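Examination of the molecular architecture
Below, each chain spelled out in residue letters.
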Amino acid sequence: MKEEKIVEENLCHISTERRSHHSEEVKKNLTSRLNRVEGQIRGIKGLIDKDTYCDDVITQIAAAQSALNSVSKILLEGHLKHCVVERVKNDDPEIVDELLTTMKRLMK
């Protein structure tokens, strides 16, 4: 599937409340992708219930993981371009540690 570029402008802000600030277009894109992943997971369960050959199931699991990685990439791109940049501009030293922790989680 072709990777889509979604641009968000000035959607993050500094506050004590931690929330995402995605445009409706980005939310729709992410929701659509996650709905597909949800369908893939149900399909994998069905393959297991039908005693499908292990390698075929593993291939479908890899596809679902790839789809989830695509969602993560979109979220991470927006986070870096907006939230992280804004917090760096506001001299928030904690953002670097937060980002490193996030990257470690994604690279497991």
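Placed above this text is the structure.
Figured I'd write up the structure that's included with this text. Computed from a predicted structure; not experimentally measured. (Residues numbered from 1 in each chain as written. Predicted model: local features only at pLDDT ≥ 70, side-chain atom pairs only at ≥ 80, totals over all residues. Heavy atoms only, no water.)

In this section: helix H3 (residues 94-106). The terminal C-alpha atoms of H3 lie 19 Å apart, and with 13 residues this matches the ideal 18 Å at 1.5 Å per residue to within 8%. Residues Ile95, Glu98, Leu99 and Thr102 constitute the buried set of H3. All buried residues of H3 project into a common sector of 100° when viewed along the axis, lining one side. In H3, those exposed residues whose orientation departs by more than 90 degrees from the buried face are Asp97 and Lys104. (Helix = DSSP H or I, 4+ residues; strand = E, 2+ residues; numbered from the N terminus. Expected span 1.5 Å × (residues − 1). Buried < 20%, exposed > 50% of the residue type's maximum accessible area, 1.4 Å probe, protein only. Arc of directions from axis to C-beta.)

Attention now moves to the side chain of Glu98. Looking at the secondary structure, you find Glu98 in helix H3. Glu98 gets classed as buried once you look at its relative accessible area, which sits at 18%. Among residues more than four places away in sequence, those in contact with Glu98 are Arg18, His79 and Arg87. (Contact = heavy atoms within 4.5 Å.)

Tallying each qualifying case throughout the model produces six salt bridges. It is possible to trace a salt-bridge network through shared partners that takes in Arg87, Asp92 and Glu98. (Salt bridge = Lys/Arg side-chain N within 4 Å of Asp/Glu carboxyl O.)

As a packed pair, helix H1 (residues 24-49) and helix H2 (residues 54-89) sit with axes 10 Å apart at the nearest point and diverge in direction by 165°. With respect to their mutual orientation, H1 and H2 come out roughly antiparallel. As for the relative orientation of H1 and H2, their crossing is left-handed in sense. Packed against H1, whose contacting residues are Asn29, Leu30, Arg33, Leu34, Val37, Gln40, Ile41, Ile44, Leu47 and Ile48, the element H2 presents Val57, Gln60, Ile61, Ala63, Ala64, Ala67, Leu68, Ser70, Val71, Ile74 and Leu75 at the interface. Split into classes, the residues belonging to the contact of H1 with H2 amount to 16 nonpolar, four polar and one charged. (Axes fitted to C-alpha atoms, helices over the stretch in contact; angles between N-to-C directions. Parallel < 35°, antiparallel > 145°, perpendicular 65-115°, else oblique. Left-handed = near helix turned anticlockwise from the far one by under 90°. Nonpolar A, V, L, I, M, F, W, Y, C, P; charged D, E, K, R; others polar.)

What follows is about the environment of Ala64. As for its placement among the helices and strands, Ala64 is situated in helix H2. Between the C-alpha atom of Ala64 and that of Ile41, which follows or precedes it by 23 residues, the distance is 7.0 Å. Setting aside chain neighbours within four positions, we find Ala64 in contact with Val37, Gln40, Ile41 and Ile44.

Phi at Asp51 takes a positive value of approximately 60°, unusual for a residue other than glycine. Judged by relative accessible area, Asp51 falls into the exposed class, the value being 69%. Positive phi, normally seen in glycine, also occurs at Asp91, with a value near 55°. The residue Asp91 is located in the loop between H2 and H3 in this model. Since its relative accessible area comes to 67%, Asp91 is described here as exposed.

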